[in-house]
Amino acid sequence: MAYNLDKIDTQILSILQQNSNRTTKSIADELGMTTSPVFERIKKLEREGYIKKYVAILDNKKIGLKLTVFIGITLQGHTRSFLEKFVTEINNFPEIVECHRVSGNFDYLLKLVVEDIEAYEHFIISKLTLLPYLGNVQSLITLSTGKETNELNLSNI
């Protein structure tokens with residue numbers, strides 16, 4: 001049976017989305033609770049898979065990854081085998097930070113983060129275009145970013 005989230009759970013998740021480095025005590029203080037029930041709730045949220053992992057979100061530009069490209073991919077075939085092989089190969093490319101199977105004009109939408117346009121060209125030539133079942137590739141180079149977040153809206157849960 002699935003664990004049902006209540007208001008306190010969603011408040012904890014919201015707090016952790018903003019800063020997963022917060023201590024259990026500081027979260028409990030904000031919620032007006034003691035640490036033990038907050039600790040137990042966090043552990044349950046982790047066990048139930050609501051919290052997949054804790055990460056540090058890096059500043060791409062500060063670490064030299066200045067170019068973000070979205071790539072629309074159409075495959076030559078649409079069998080389960082083609083789709084599985086494509087995803088397996090994409091997972092071997094560290095430059096790809098997201099891969100989504102989508103509806104519409106493309107089969108997949110990829111998000112690539114690299115140093116510059118030369119690194120992007122190198123990726124296309126030496127990695128992506130070597131995939132034998134690749135059909136059409138269309139790239140959208142990001143000029144600027146108006147919004148980028150990993151926080152999900154939990155207000156209606």
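Structure first, text after, so check above.
These lines cover the structure that appears in this document, whether it is placed above or below. For clarity, every value in this text was computed on a predicted model and none was experimentally measured.

Here we look at the sheet that holds strand E1 (residues 67–75)
At step 1: Taking strand neighbours across the sheet as the criterion, the four strands line up as E2-E3-E1-E4 in an open arrangement whose pairing is antiparallel. Two strands bound the open sheet, and with one partner strand each, they are strand E2 (96–101) and strand E4 (134–141). Between one strand axis and the next, the sheet turns through 20° on average, direction left out of account.
At step 2: Pairing geometry for E2 and strand E3 (residues 108–114), over five bridges, is antiparallel. What sits directly across from Glu98, in E3, is Lys111.
At step 3: Docked against the sheet, helix H4 (residues 80–90) engages E1, E2, E3 and E4, running at close to 10° with respect to E3.
At step 4: Helix H5 (residues 117–126) rests against E1, E2, E3 and E4 of the sheet, and its axis sits at about 20° to E1.

Focus on the environment of Ser36
At step 1: Assignment of secondary structure puts Ser36 in helix H3 (residues 35–47).
At step 2: Overall, Ser36 belongs to the exposed group, its relative accessible area being 52%.
At step 3: Along the sequence, Ser36 and Thr24 sit twelve residues apart, while their C-alpha atoms lie 8.5 Å from each other.

Description of the nonpolar core
At step 1: Ile71, Ile73, Phe86, Leu110 and Leu128 are the most contacted members of the largest nonpolar core, which totals 22 residues.
At step 2: Only E1, H4, E3 and H5 provide two or more residues apiece to this core.
At step 3: Of the residues forming this core, the biggest block, five residues, is contributed by E1.

Description of the packing of aromatic side chains
Pairs of aromatic rings are described using the distance from one ring centre to the other and the angle between the two planes.
At step 1: Under the criterion given, the structure shown has three aromatic pairs.
At step 2: With centroids separated by 4.7 Å and ring planes inclined at 40°, the aromatic side chains of Phe86 and Tyr108 adopt a geometry described as tilted. A residue pair is termed long-range when its members are at least 10 positions apart, and Phe86 in helix H4 and Tyr108 in strand E3 qualify at 22 residues. One exposure class covers both Phe86 and Tyr108, and it is buried.
At step 3: Note on Phe93 and Phe123: the rings are 5.5 Å apart at their centroids and 90° apart in plane angle, and the pair reads as edge-to-face. A residue pair is termed long-range when its members are at least 10 positions apart, and Phe93 in the loop between H4 and E2 and Phe123 in helix H5 qualify at 30 residues. We note that Phe93, like Phe123, is buried.

What counts and how
Residues numbered from 1 in each chain as written. Predicted model: local features only at pLDDT ≥ 70, side-chain atom pairs only at ≥ 80, totals over all residues. Heavy atoms only, no water. Pairing = 2+ DSSP bridges. Helix = DSSP H or I, 4+ residues; strand = E, 2+ residues; numbered from the N terminus. Axes fitted to C-alpha atoms, helices over the stretch in contact; angles between N-to-C directions. Contact = heavy atoms within 4.5 Å. Buried < 20%, exposed > 50% of the residue type's maximum accessible area, 1.4 Å probe, protein only. Core = buried A, V, L, I, M, F, W, Y, C linked by side-chain atoms within 4.5 Å. Phe/Tyr/Trp six-rings, centres within 6.5 Å; stacked < 30°, edge-to-face > 60°.

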